[in-house]
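Listed below are the residues making up each chain.
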2 protein chains.
Amino acid sequence: MRIQIEQNKLVKYVNIVQKGISSKTTLPILDGILLEANDGKLKLTGTDLEIGIESYIDANIYEEGSIVINSRLFGDIVRKLPSDLIEISTDENKMNISCRSSEFNLIGNSSVEYPELPTLIDQLTINVPKDLLKNTIRQTVFATTQDETRPILTGVLFEVNGNDASFVALDGYRLALKNIKVNSNENMKVVVPGRTLNELNKILEDEEDDVKIILTPGHIVFNLGDTVVFSRLLEGQFLNYKDIIRKEHKTKVKVNRKELQDSLERASLLAKEEKANLVKLNVIEDKIIIKSNSEIGNVNEQLPVEINGEDVKIAFNSKYIIDGIKAIDVEEVEMSFMGSLNPCIIKPLGEENYTYLVLPVRLAKDDY
Amino acid sequence: MRIQIEQNKLVKYVNIVQKGISSKTTLPILDGILLEANDGKLKLTGTDLEIGIESYIDANIYEEGSIVINSRLFGDIVRKLPSDLIEISTDENKMNISCRSSEFNLIGNSSVEYPELPTLIDQLTINVPKDLLKNTIRQTVFATTQDETRPILTGVLFEVNGNDASFVALDGYRLALKNIKVNSNENMKVVVPGRTLNELNKILEDEEDDVKIILTPGHIVFNLGDTVVFSRLLEGQFLNYKDIIRKEHKTKVKVNRKELQDSLERASLLAKEEKANLVKLNVIEDKIIIKSNSEIGNVNEQLPVEINGEDVKIAFNSKYIIDGIKAIDVEEVEMSFMGSLNPCIIKPLGEENYTYLVLPVRLAKDDY
């Protein structure tokens, strides 16, 4: 292989495919980036077998060919080269990189040893604008569990029924649900690993172009144009989340999102000192009183709010309630309660497409 | 004590005095910030007994008094409060912080348990512009050792002879020397802990006002105006560095600083793969050829330079040579050599006030 490529373009896409490479791989070849020069394009691939990322870059191809090269070192080198044309040539497993008066000779691996990414069969395609997908992932993926003993909950449920799509994540303490409209006639239900969506979100640009989402048995593919992200799907039955979301409420509260977040974050400073990470909410008359205490002291926050329904005293793990409020980007939120023992449901005021549900912590009566 | 103070002002100075507090202290009271309200000022103090930082802030003092309060928690709270007036009041060891509708009650400690910072006697004062001191510290402190078995070399020698002052740091592999002009009639020679200078540099603003440097037996004090930094001095004999700096050279090279740094940084990518971290320089005819190799490959960099004197082949630990070149901020540097076995001396071209000296690594003849 012998090619010429612009340094800044190469850096951009090396940064992208590196997100598919795990530093903890046990298969040495997967420390590498696969470079393939064909048809006027340089194709880069990085994978850890769970996720795979391919990018196609315009380059001058003088001689086609392929090689696998250590990802970290190759990335460090191209980032440090001057912003100019880089020439890359290979001779069997050897790679030569030259740019102005810099010249690197590296030993790589044959591309025949590199695992193949899945071939796409039985395609089912859905189109979603990039910015919408990016925001949807941001609003849900954080609610997945990190607990590997419940593998299915480390993923986000992606369900499509015609034009309606839902993304759902839950970890046993809270649930995040986002409904969006998509361009599709299909029905499907898959669970995408949280890690895939986190890496995808670092790559996704905040623009209106569509991402093409392709489903094949056992895999999902996000085609962003220059870059294609493959991921295996998680197997198993996702919880029937619809039963969890209560329709009736005894108390509804309208509150400024930013003020609520700030008050909870201040209260959590003391909550963090204790194991339970507890903040207590007293919804009474025309305000929410937020309290927290630890050995070192206590905090009392008051927020003016609009209340419909009965007063309620309820306690939460501060992290779980704050996470959901931070995921909402409108000015006011609506919190719905059904006594101290049922989940609190938080929605952006006047919008039905996002639901965050958080379980309370049960306290003895005098502890509220 | 009962005071009112602006949130943003309090945050600024809490951030400053926290730099004097160590997270590893074994004396629990030193986890705290000492607050003292007196004479229309709030005084904050943080110390780990090696370094102490005091700040004086304008505040409305309704009732004088003092308390010690957990630094991390107090800092987190004031940073999270709204940008408005904060009211702080104390009752024995209890502190109440209120701001708008937020209220914190914290348990602190009595200020009588807090250690006293040294009293200033036998004063000897030197004035140095803040920006000059900041740059001088930046250009020297990195060359101190981290090796606690050679405590005197963890500090920077600060020597004053009338108007001439020098800052010197060395660790056995390299030496950094900066000479500056100061406003003084005194002679003195002290060794300031590297940690003190690193923390001082985070506080020092890049402006022309003077820092007043005060020496008292065993201590040095940097008076920045609102903030005073105290530090104990290191005891022991500093190396006689003047003998180390060679006056004669067999080779002098004039080279673009940025290009040299970039080439060395690229070469170091392969050097880093090996233990010795070795870059080899071949100064020949009108260029420097920089080479490095590891199991995974090799690199060859060429730089056009202006050479006076004989050719030289020499090898360095890449980190040590790069550190010195990064400390220089002019466009061209002069490197002086005396064969493969003597130190290389690097200076900003045409300036005599900064000297960086780095020891070569001795190689077998065929290994250059």
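Residues numbered from 1 in each chain as written. Chains lettered and ligands numbered in written order. Predicted model: local features only at pLDDT ≥ 70, side-chain atom pairs only at ≥ 80, totals over all residues. Heavy atoms only, no water.

Q: What's the story with the relation of the copies chain A and chain B in this structure? I'm lost.
A: Two copies of a chain can be linked by a rotation about an axis combined with a shift along that same axis. At an RMSD of 0.0 Å, chain A and chain B line up after a rotation of 180° and a shift of 0.0 Å along the axis. Expressed as an axis order, the relation between the two copies is that of a two-fold axis. The rotation axis passes nearest to the C-alpha of Ser23 of chain A in chain A, at a distance of 15 Å. Counting the interface residues of chain A, we find that 100% of their copies in chain B are interface residues as well, pointing to one common contact surface. (Least-squares fit on C-alpha atoms with pLDDT ≥ 70 in both. Contact = heavy atoms within 4.5 Å.)

Q: Would you mind showing me how to read the UniProt feature "domain: DNA polymerase III beta sliding clamp C-terminal" (unreviewed entry) in chain A here?
A: Annotation from UniProt places "domain: DNA polymerase III beta sliding clamp C-terminal" (unreviewed entry) at residues 243–362 of chain A. For residues 243–362 of chain A, the helix share is 21%, the strand share is 46%, and the end-to-end C-alpha distance is 21 Å. (UniProt positions renumbered as here; feature names shortened; annotations may be inferred. Helix = DSSP H or I, 4+ residues; strand = E, 2+ residues; numbered from the N terminus.)

Q: Which parts of the structure should I look at to understand the pairing of strand β19 (residues 278–284) of chain A?
A: Successive residues of a regular strand alternate their side chains across the two faces of the sheet. Residue and element names in this part refer to chain A. When you tally the buried positions in β19, you get 5 out of 7 residues, the bulk of the element. Alignment of β19 against strand β23 (residues 312–317), held across 6 bridges, turns out to be antiparallel. Each bridged residue has a counterpart across the sheet, and for Asn282 the counterpart in β23 is Lys313. Bridging between β19 and strand β20 (residues 287–294) involves 5 bridges; their strand directions are antiparallel. Within β20, the residue paired with Leu281 across the bridge is Ile290. Here β19 folds back onto β20, and the loop between the two strands holds 2 residues, one of which, Glu285, carries a positive phi near 55°. (Buried < 20%, exposed > 50% of the residue type's maximum accessible area, 1.4 Å probe, protein only. Pairing = 2+ DSSP bridges.)

Q: Would you mind showing me how to read the pattern of salt bridges here?
A: Two side chains of opposite charge can pair, provided their charged atoms sit close to one another. A complete count under the given rule lists 47 salt bridges over all chains for this structure. Across the salt bridge formed by Arg174 of chain B and Asp323 of chain B, the nearest N and O atoms sit 3.1 Å from each other. Of this pair, Arg174 of chain B sits in strand β13 (residues 174–181) while Asp323 of chain B sits in helix α6 (residues 318–327); the two residues are 149 residues apart in sequence, bridging distant segments of the chain. Residues Arg174 of chain B and Asp323 of chain B agree in their burial class; the two are buried. Salt bridges sharing partners connect three or more residues here, namely Asp48, Arg195, Glu199 and Lys202 of chain A. (Salt bridge = Lys/Arg side-chain N within 4 Å of Asp/Glu carboxyl O.)

Q: Any chance you could explain the UniProt feature "domain: DNA polymerase III beta sliding clamp N-terminal" (unreviewed entry) in chain A here in plain terms?
A: The positions UniProt marks with the feature "domain: DNA polymerase III beta sliding clamp N-terminal" (unreviewed entry) are residues 1–118 of chain A. End C-alpha atoms of residues 1–118 of chain A are separated by 25 Å, and the span's content is 18% helix alongside 47% strand.

Q: Help me out: how do you make sense of the interface of chain A and chain B in this one?
A: The interface of chain A with chain B comprises 29 residues on the first partner and 29 residues on the second. Contact between chain A and chain B buries roughly 2500 Å² in total, counting both sides, with carbon and sulfur atoms accounting for 53%. Where chain A touches chain B, the interface holds 2 salt bridges. The partner of Lys80 of chain B in a salt bridge is Glu265 of chain A, and the shortest N-O contact between them spans 3.0 Å. Connecting chain A to chain B are 16 residue pairs in polar contact (both at pLDDT 80 or more). Listed by contribution, the elements that provide at least two residues to the side of chain A that touches chain B are α2 (71–80), β9 (102–107), α5 (257–271) and β21 (297–304) of chain A. Of the residues that constitute the side of chain A that touches chain B, the class distribution is 11 nonpolar, 8 polar and 10 charged. Pairing of β21 of chain A with strand β9 (residues 102–107) of chain B, which is carried by 5 bridges, proceeds in the antiparallel orientation. Counterpart to Val299 of chain A in the pairing with β9 of chain B is Phe104 of chain B. (Buried area = accessible area lost by both parts, 1.4 Å probe. Polar contact = N/O pair within 3.5 Å; in protein donor to acceptor, adjacent residues only side chain to side chain. Nonpolar A, V, L, I, M, F, W, Y, C, P; charged D, E, K, R; others polar.)

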